Amino acid sequence: MGNRTTPPDRMLPSFEEAEGLGPEDSQFVRDLVAVLEKHGNLDRFGLCLLHDHFPVAADEVLVETHDIAARTLRIQVDKAATTSHTRPSQWRFVKTGGDGGEEAAGHVCQVILQCTPVSGCPADRSMPS
C-alpha cells in the first residue's frame, strides 16, 4: 500500500480494485491522527477510499443530496460551474511540487464532492435534525 498516488488527471481505480486500509497502514494512520490532533482537526476530517464507479469529467463534480425523513443519500454528477450545490464536503489531495507557499496552499486539494445546505447537509445548522 504505502506511497501510492494517482495524478488528478488520471482515473482512480474502481471500487473493486481500490485497496482499503490494512495493517501495513498503521503507522501512516497514527501519523495522520497526530497531525489532525496537533491542528485541532481530529473531529473535523477523516479518511475516505478514493475510487471511481464511473468517469467524472474535469468540469464535473459529484453532488450529494439527502432526504432527512427517509434517511437516504443520493450522489449524482453536476457541472461544477453551474451546480447550486456549493458546500464542498470531500476533497482529494493534489501534489503541488511547489515550496508550500501561499500560492500552493490554494491548490493542494481538489473538490470531489459537494452538497448544499438546502439539501440538509450536516453543516447547515438551520435545518431541523
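In the block above lies the structure referred to throughout.
Caption draft 1: Molecular detail of a nonpolar patch on the surface. Taken together, Leu21, Phe28 and Leu47 make up a surface patch of nonpolar side chains, about 310 Å² in accessible area. Counting through the fold element by element, Leu47 comes out in the loop between helix H1 (26-38) and strand E1 (60-67). Note on Leu47: relative accessible area 47%, which makes it partly exposed.

Caption draft 2: How the structure looks around the pattern of salt bridges. Under the definition given, this model contains two salt bridges. We note a salt bridge from Lys79 to Asp59, for which the minimum N-O separation is 3.0 Å. Here Asp59 lies in the loop between H1 and E1 and Lys79 lies in strand E2 (residues 72-79), a separation of 20 residues in the sequence. Here Asp59 falls in the partly exposed class, since its relative accessible area comes to 40%. A salt bridge links Lys79 to Glu60; the shortest N-O distance between them is 3.9 Å. On the criterion of sequence distance, the pair formed by Lys79 in strand E2 and Glu60 in strand E1 is long-range, its members being 19 residues apart. Looking at Lys79, the relative accessible area reads 41%, which means it is partly exposed. Judged by its relative accessible area of 24%, Glu60 falls in the partly exposed class. Sharing partners across several salt bridges, the network here consists of Asp59, Glu60 and Lys79.

Cut-offs and rules
Residues numbered from 1 in each chain as written. Predicted model: local features only at pLDDT ≥ 70, side-chain atom pairs only at ≥ 80, totals over all residues. Heavy atoms only, no water. Patch = residues over 30% accessible without salt bridge, like charges linked within 9 Å, V, L, I, M, F, W, Y side chains within 5 Å. Areas by Shrake-Rupley, 256 points an atom, 1.4 Å probe, with all protein chains shown as cover. Salt bridge = Lys/Arg side-chain N within 4 Å of Asp/Glu carboxyl O. Helix = DSSP H or I, 4+ residues; strand = E, 2+ residues; numbered from the N terminus. Buried < 20%, exposed > 50% of the residue type's maximum accessible area, 1.4 Å probe, protein only.

Remember that the coordinates give geometry; whether it matters functionally is a separate question.
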